[in-house]
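Now for the letters of each chain:
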Amino acid sequence: MPTVASWNVNSIRARLDHVLRWLDEHRPDALALQETKVQDDDFPHEAFAELGYECAVVGQKSYNGVAVLSRRPLDVLATALPGFDDPQARVLAVALDDFALLDLYVPNGSAVGSDKYDYKLAWLEALTAWVETLLASHPALLVVGDFNIAPADADVHDPAAWQGKVLCSDAERAHLEALLALGLSDVFRAFEQPPESFSWWDYRQAAFRRNRGLRIDLILASSALAPRVSACHIDRTPRTWDKPSDHAPVVAELQA
DNA sequence: ATGGTGGCGCGGCCA
């Protein structure tokens, strides 16, 4: 039963020990990373190869960066949004055995109305247009990553305080809905989950200890693949480790 | 509270 996970690690170099430990403990078939924050030449391929993982990487200096680690051979399908001129490393699509995996680091957006917010919405528009064509060529598709959007108020620790704010605004949620309308489903919500399930907690003000978080890290399955997804959960454990990422891994199980 | 914490890379940006 393949296991696929997604984790915003907030620097692969700062988090290498955590990622290696988590891989060793869980042995997922594939792990999509976001915010690797490293140029491709400096990505720690060897450390992952020792655990049996091949890495595809799309990185840049200091910011952003995505990677897919796989126990089986992977073929790179795309390293950017086609037709969207973007110097930021946020997209990696790979073909695995019998499905395709699209790893995303969606722009944060900074604040509603800012230039970064406009960039986020334009980026999401281009993403949806592309995913529609990707689904035509790769009907069995998982779209995973840090979406920087909490899909609904149930994904927010304090919906009143976050109402209309970046990560929760109506326009961002409408863009996510447009993506889902291509036939993708948020697989976390296909299964019973603990209340107050989040995937990101701000480093500040003891947000994790108080569980003041958001669920912004998602695994979306195409209609062709969704029936094979048998489970999905968020693993909070690495968020309790010393010097953690501010995000927790999201894990999905697929039937063979 | 225009702070609070963390990463990158050494001042200020980004989250």
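Here, the structure is the one placed above.
Predicted model, so just to flag it, every value in this text is computed and none were measured.

Each value, and the rule that gives it
Residues numbered from 1 in each chain as written. Chains lettered and ligands numbered in written order. Predicted model: local features only at pLDDT ≥ 70, side-chain atom pairs only at ≥ 80, totals over all residues. Heavy atoms only, no water. Near = heavy atom within 4 Å. Polar contact = N/O pair within 3.5 Å; in protein donor to acceptor, adjacent residues only side chain to side chain. Nonpolar A, V, L, I, M, F, W, Y, C, P; charged D, E, K, R; others polar. Core = buried A, V, L, I, M, F, W, Y, C linked by side-chain atoms within 4.5 Å. Buried < 20%, exposed > 50% of the residue type's maximum accessible area, 1.4 Å probe, protein only. Helix = DSSP H or I, 4+ residues; strand = E, 2+ residues; numbered from the N terminus. Contact = heavy atoms within 4.5 Å. Expected span 1.5 Å × (residues − 1).

*Asks:* Would you mind going over the protein's contact with DNA strand B with me for this structure?
*Replies:* By nearness alone, 16 residues border DNA strand B, and Ser11, Arg15, Ser62, Tyr63 and Arg204 come closest of all. Sugar and phosphate atoms represent 67% of those atoms of DNA strand B found within 4 Å of the protein. Here a phosphate oxygen of DNA strand B and a side-chain polar atom of Ser62 are 3.1 Å apart. Tyr63 has a polar side-chain atom sitting 3.2 Å from a base oxygen of DNA strand B. Within the surface near DNA strand B, the residues separate by chemical class into 4 nonpolar, 4 polar and 8 charged.

*Asks:* Even after reading the chapter, I still don't get the nonpolar core, so can you show me in this structure?
*Replies:* Taken as a class, soluble globular proteins show a tendency for nonpolar side chains to be buried jointly. Grouped together as the largest cluster of nonpolar side chains are 38 residues, with contacts concentrated most on Leu102, Leu104, Trp123, Leu127, Trp130 and Phe147. Mapped by element, the contributors of at least two residues to this core are strand S6 (91-95), strand S7 (100-105), helix H3 (115-137), strand S8 (141-146), helix H5 (170-180) and strand S12 (217-221). Among residues more than four places away in sequence, those in contact with Leu102 are Val91, Leu92, Ala93, Leu127, Trp130, Val131, Leu134, Leu141, Leu142, Val143 and Val144. In this structure, Val94, Val187, Leu225 and Cys232 belong to the second largest nonpolar core, which totals 33 residues.

*Asks:* Would you explain H3 in this entry?
*Replies:* The α-helix advances 3.6 residues per turn, and as a result positions three or four apart in sequence lie on the same side. In a regular helix each residue adds 1.5 Å, so 23 residues correspond to 33 Å; H3 covers 33 Å between its end C-alpha atoms and thus fits that length. Burial in H3 covers these residues: Tyr117, Lys120, Leu121, Trp123, Leu124, Ala126, Leu127, Thr128, Trp130, Val131, Leu134 and Leu135. Against strand S5 (75-78), S6, S7, S8 and H5 lie the buried residues of H3.

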